[in-house]
Amino acid sequence: MANTKKALITGITGQDGSYLTEFLLGKGYEVHGLIRRSSSFNTDRLDHIYVDPHVSGAKLKLHYGDLTDSNVLRRVLDEVQPDEVYNLGAQSHVRVSFDMPVYTCETDAIGTLNLLEALRAFQDYSRRQVKFYQASSSEMFGDVRETPQTENTPFYPRSPYGCAKVYSYWITVNYREAYDLHASNGILFNHESPRRGETFVTRKVTRAVGRIKHGLQDKLYMGNIDAKRDWGFAGDYVEAMWLMLQQEAGDDYVVATGKMFSVREFMEIAFSHVGLDYNDFYEVDPRYFRPTEVDLLLGDATKAKNQLGWEPKVDLEGLAKMMVDHDMELASREKTLRDAGHELPAVVGHDQ
């Protein structure tokens, strides 16, 4: 169909990328994704799109590429001719960014610049507007200057990841103002789901709940469980991304629930959902503390509510139970394999 909108998503194989893909396909989009070449398949979060009868005819195509390769970015833009570009690609783990600061900044900061520059050139010679979404992060606020945090709160990042995201935020603003790009920053606070990577603290907890309940794991080793976060559901947050690109002009928006809970409280909800007391199953391990901590993050999404008409639908209790139910099923399948004599993968120490 000539009127079918096309979207290009970097980081399409991640949690947000998979939910956004489903959302856009549901809106009738043709979706293209940028994926890094790997010796093994890493498309698990997208595989159901190809086999689900409701989306078996889905218009989804994947392209090999990387945010650090500007030539590939230009080629993919030429090939896809997108109406919207969602830059979700990143080294997104805060703790890992301390171990890999250069790689994190090359991907998360310079990668954004590479994509914006390729997009600017593409718009110049194609004479068509492409709307751009940049995945910004609440980690940019870091050592918060005020609570709650709004679009006007000064940034004070406390990790290489946060620093890289601050650069990406401002370079997006700069390209919007210098080149009249329709470019928006979504300052998303923590958002989770059953598709969250297992090295992130919420999924680390819910995976442990399932494994402990099924006798596959004894203890959960944690870092700073008194850190407080504003947690929402990733499936809700991708709608906000799309809404930003439906506005007449680009802008910057905080996307959050406006409610804050500690890691300890998340653990209590998750364990109690299966009748366990978290106090019986966790230990604090200093290895999982960050060199510099972010004590609390709480977002004020009033602007997104008023201008985009967006509000979160899933609260923390519903989110935790959703994730635990998923990971209980996963642990049950693991237990079945173990009881049948199959060797299970080793449980590695997860970073928080």
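Heads up: the structure comes first, above all this text.
Cut-offs and rules
Residues numbered from 1 in each chain as written. Predicted model: local features only at pLDDT ≥ 70, side-chain atom pairs only at ≥ 80, totals over all residues. Heavy atoms only, no water. Helix = DSSP H or I, 4+ residues; strand = E, 2+ residues; numbered from the N terminus. Rg over C-alpha atoms; globule rule 2.2 N^0.38 Å. Contact = heavy atoms within 4.5 Å. Core = buried A, V, L, I, M, F, W, Y, C linked by side-chain atoms within 4.5 Å. Buried < 20%, exposed > 50% of the residue type's maximum accessible area, 1.4 Å probe, protein only. Axes fitted to C-alpha atoms, helices over the stretch in contact; angles between N-to-C directions. Parallel < 35°, antiparallel > 145°, perpendicular 65-115°, else oblique. Left-handed = near helix turned anticlockwise from the far one by under 90°. Nonpolar A, V, L, I, M, F, W, Y, C, P; charged D, E, K, R; others polar. Salt bridge = Lys/Arg side-chain N within 4 Å of Asp/Glu carboxyl O. Phe/Tyr/Trp six-rings, centres within 6.5 Å; stacked < 30°, edge-to-face > 60°. Lys NZ or Arg CZ within 6 Å of the ring centre and 35° of its normal.

Engineer: Got a sec to walk through the overall build of the protein? Specific residues and values, please.
Structural biologist: On a plain count of helices and strands, the protein comes out with 11 helices and 13 strands. Its C-alpha radius of gyration of 20 Å places the protein within 12% of the 20 Å reference for a compact globule of 352 residues. Once the C-alpha set of the protein is aligned to its principal axes, its extents read approximately 60 × 50 × 40 Å. Contacts spanning at least 24 positions in sequence make up 79% of the contacts within the protein whose residues lie at least 6 apart.

Engineer: So, the nonpolar core: which residues are in play, and what are the values?
Structural biologist: Ranked by size, the top nonpolar core spans 61 residues in total, and within it L24, Y86, Y133, V205, M267, F271 and W310 carry the most contacts. Sorting elements by how many residues they give to this core places helix α8 (residues 234–244) first, with eight residues. Not counting chain neighbours up to four residues away, the residues in contact with V205 comprise L220, M222, F266, M267, A270 and F271. Formed by 20 residues, the second largest nonpolar core is a distinct cluster that contains L73, L115, L119 and F132.

Engineer: Pulling in residues and values, what's your account of the packing of helix α3 (residues 70–80) against helix α5 (residues 101–126)?
Structural biologist: The interhelical angle for the contact between α3 and α5, taken along N-to-C directions, is 40 degrees, at an axis separation of 9 Å. Of the possible angle classes, the one that applies to α3 and α5 is oblique. Judged by the sense of rotation from one axis to the other, the crossing of α3 with α5 is right-handed. Residues S70, L73, R74, L77 and D78 of α3 form the contact with α5, whose participating residues are N114, L115, A118, L119, F122 and Y125. Among the residues making up the contact of α3 with α5, the classes are represented as seven nonpolar, two polar and two charged.

Engineer: Account for the environment of Y169, naming residues and giving values.
Structural biologist: With respect to the element layout, Y169 can be found in helix α6 (residues 160–179). Using a relative accessible area of 5% as the deciding quantity, one classes Y169 as buried. Sequence separation between Y169 and G186 is 17 residues; the distance between their C-alpha atoms is 9.0 Å. The residues touching Y169, leaving out its near neighbours within four places in the chain, are S136, M140, F155, N185, I187 and D252.

Engineer: Go over the environment of D66, please, and point to the residues and values.
Structural biologist: For D66, the position within the fold is in the loop between β3 (60–64) and α3. Spatially, the C-alpha atom of D66 lies 33 Å from that of V314, the residues being 248 residues apart in sequence.

Engineer: Can you break down the packing of helix α7 (residues 201–213) against helix α11 (residues 316–339) residue by residue, with the values?
Structural biologist: At a minimum axis separation of 8 Å, α7 and α11 run at an interaxial angle of 45 degrees. For the element pair α7 / α11, the angle class is oblique. Every pair of crossing elements has a handedness; the one defined by α7 and α11 is right-handed. Taking contact as the criterion, the partners of T202, R203, T206, R207, V209, G210, R211 and K213 in α7 are, on α11, A320, M323, V324, H326, D327, M328, L330, A331 and E334. Split by residue class, the contact of α7 with α11 holds seven nonpolar, four polar and six charged.

Engineer: Give me the environment of V238: which residues, what numbers.
Structural biologist: By secondary structure assignment, the location of V238 is in helix α8. For the pair V238 and P101, spaced 137 residues apart in sequence, the C-alpha to C-alpha distance is 27 Å.

Engineer: Give me the pattern of salt bridges: which residues, what numbers.
Structural biologist: Side chains carrying opposite charge are able to pair once their charged atoms draw close together. If you walk through the whole model with that rule in mind, you get 26 salt bridges. For the salt bridge of R95 with D99, the shortest nitrogen-to-oxygen distance reads 3.4 Å. With R95 and D99 both in helix α4 (residues 94–99) and four residues apart, this pair spans about one turn of that helix. In this structure, the salt-bridge partner of E117 is R120, at a minimum N-O distance of 2.4 Å. Highlighted residues: E117 and R120, both in helix α5, separated by three residues, approximately one helical turn. Residues joined by salt bridges that share partners form a network here, namely E198, R207, R211 and E334.

Engineer: How would you sum up the packing of aromatic side chains? Please name residues and give values.
Structural biologist: Two aromatic rings are characterised by how far apart their centres lie and by the angle between their planes. Following the criterion strictly, the structure yields 14 aromatic pairs and no others. Measuring from ring centre to ring centre gives 5.5 Å for W231 and F266, while their planes differ by 50 degrees; the resulting arrangement is tilted. One end of the pair, W231, is in the loop between β9 (228–229) and β10 (232–233); the other, F266, is in helix α9 (residues 263–272), and 35 residues separate them in sequence. Here W231 matches F266 in class, with each residue buried. Ring-pair connections join several aromatic residues into one group, and the members of that group are F141, F155, Y169, W170 and F189. Above the face of the Y253 ring, K303 is positioned so that its terminal group lies 5.0 Å from the ring centre.

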